[in-house]
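Structure at a glance
Residue strings, one per chain:
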Amino acid sequence: MRTIPFTLAALAFAIALALPVHGQERSWTVSVFADAGGIIPIRTLGKNAGALQERPEEQVISEFENAMTLGGGVEVGFPASQIRIRASYHTTPSGSVIGRLAFCGDPDTPLVTGGVCQQVNADARLHTLGADLSFVRGSPDSWLRPVIFLGLALRKYEIGGFDCPFSEDAEYNTCELLDELWSEEGGFAPTLRFGVGFDADLGPLQLRTSVLDNVGRYPGGAGSADGHAQNDITISAGLAVRVF
């Protein structure tokens, strides 16, 4: 995954070089940027009820927890039309997923505690390759300008191993069902994203902020496991510098 940001940068640079130049001034620019922020998942990652599909209250469910995001990329800007095209890579360096029986309730306000209601935790990372159109609004002379984003992304969930905190004789084993749900992450899944942000002119640098809504799917799961459609919010802030 370490070569991805450099590949994206090379691709965007090649596209920029292929664009025509009018007169003595370029009609396009190339910038690099880096940012940090967080992701707030809104929906559960998926579910697995094993052979008891008719008893949804006894299924296990999984959630991707709030996590920090880090990333960066390269963008080609067209000042005359106030449009930018950007390619980016982001990841959650220390994410995690949790799994639990649905009938136990939310861990913060549990309906049942102890025994089979113990929460199962696993390390997880979310890798995102994105391509976005940015529409910069407002006057070019303003130091603070709103931005509208519309883009597509490819996302990959990477879930590590976990230790089962309990073992019981029951109709099915919670950890076995979670293992099915987490064992096959499903590769890259397409995601639609859109949002808003602001650019602040800091001289040689630009401060960039954004709030994006991401709509896709968790494509993983084996056996009777079922991944859910995902909807989460990413909030980020970072710096961009023009290099060409």
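The rules behind these values
Residues numbered from 1 in each chain as written. Predicted model: local features only at pLDDT ≥ 70, side-chain atom pairs only at ≥ 80, totals over all residues. Heavy atoms only, no water. Helix = DSSP H or I, 4+ residues; strand = E, 2+ residues; numbered from the N terminus. Buried < 20%, exposed > 50% of the residue type's maximum accessible area, 1.4 Å probe, protein only. Contact = heavy atoms within 4.5 Å. Areas by Shrake-Rupley, 256 points an atom, 1.4 Å probe, with all protein chains shown as cover. Core = buried A, V, L, I, M, F, W, Y, C linked by side-chain atoms within 4.5 Å. Phe/Tyr/Trp six-rings, centres within 6.5 Å; stacked < 30°, edge-to-face > 60°. Pairing = 2+ DSSP bridges. pLDDT = per-residue confidence, 0-100. Salt bridge = Lys/Arg side-chain N within 4 Å of Asp/Glu carboxyl O. Patch = residues over 30% accessible without salt bridge, like charges linked within 9 Å, V, L, I, M, F, W, Y side chains within 5 Å.

Scanning the chain from terminus to terminus reveals two helices and 14 strands. In the chain, which comprises 244 residues, the proportion classed as buried is 42%. Within the chain, residue pairs in contact and separated by at least 24 positions form 72% of the contacts whose partners lie at least 6 positions apart. Here the chain displays about 12,500 Å² of accessible surface, and carbon together with sulfur accounts for 60% of that area.

Bringing the nonpolar core into the picture now. Core analysis: the largest hydrophobic core is formed by 23 residues, its most contacted members being Leu45, Phe64, Val97, Ile159, Phe162, Leu178 and Trp182. Looking at this core element by element, the count peaks at five residues for helix H2 (residues 174-183). Ignoring anything within four residues of it in the chain, the contact list for Trp182 reads Leu45, Ser62, Val97, Ile98, Gly99, Val120, Ala122, Ile159, Phe162 and Tyr218.

In this section: the packing of aromatic side chains. Counted by the stated rule, this structure contains four aromatic pairs. Both rings, one in Tyr157 and one in Tyr218, keep their centres 5.2 Å apart while their planes meet at 90°; by these two values the pair is edge-to-face. Taken together, the positions of Tyr157 in strand E10 (residues 144-159) and Tyr218 in the loop between strand E12 (205-217) and strand E13 (226-227) put the pair 61 residues apart, joining distant regions of the chain. The residues Tyr157 and Tyr218 share a single accessibility class, namely buried.

A large share of strand E3 (residues 60-64) lies buried, amounting to four of its five residues. By the bridge criterion, three bridges tie strand E2 (residues 46-48) to E3 in an arrangement that is antiparallel. Note that in E3 the partner of Asn48 across the bridge is Val60. Examined bridge by bridge, E3 and strand E6 (residues 95-101) share five bridges and lie antiparallel to one another. In the sheet register, Glu63 faces E6, and the bridge partner there is Ile98.

What follows deals with the confidence of the model for the chain. Per-residue confidence for the chain gives a mean pLDDT of 83; residues scoring 70 or more make up 79%. Here residues 1-8 is a poorly scored stretch, pLDDT under 50, and it has eleven contacts once near neighbours within four places are set aside; other chains count. Across residues 10-24, where pLDDT falls below 50, the model places 14 contacts with residues more than four positions away in sequence or in other chains.

What follows covers the pairing of strand E1 (residues 29-41). The pairing of E1 with strand E4 (residues 67-78) spans eleven bridges and is antiparallel. Among the inter-strand pairings, Ala36 is bridged to a residue of E4, identified as Leu70. In the sheet, E1 pairs with strand E14 (residues 229-242) via eleven bridges, with the strands oriented antiparallel. Opposite Ile40, over in E14, you have Ile233 as the bridge partner.

Considering the arrangement of structural elements, one finds Gly227 in strand E13. Sequence spacing of Gly227 and Leu181 is 46 residues, and the spatial spacing of their C-alpha atoms is 7.6 Å. When near neighbours in sequence (up to four residues on either side) are disregarded, Gly227 contacts Leu45, Gly46, Arg217, Tyr218 and Gly220.

As enumerated under the stated definition, the model contains nine salt bridges in all. Glu63 is paired through a salt bridge with Arg100; the nearest N and O atoms lie 3.0 Å apart. Taken together, the positions of Glu63 in strand E3 and Arg100 in strand E6 put the pair 37 residues apart, joining distant regions of the chain. By relative accessible area, which is 8% here, Arg100 ends up buried. Arg84 serves as the salt-bridge partner of Glu75, at 3.3 Å between the closest nitrogen and oxygen. What makes Arg84 buried here is its relative accessible area of 10%. Three or more residues are tied together by salt bridges with common partners; here these are Glu75, Arg84, Asp199 and Arg208.

Together, Val32, Leu202, Leu205, Leu207, Leu239, Val241, Val243 and Phe244 line one region of the surface with nonpolar side chains, adding up to about 580 Å² of accessible area. Its location among the elements puts Val241 in strand E14. On the basis of relative accessible area, Val241 is assigned to the partly exposed category, the value being 31%.

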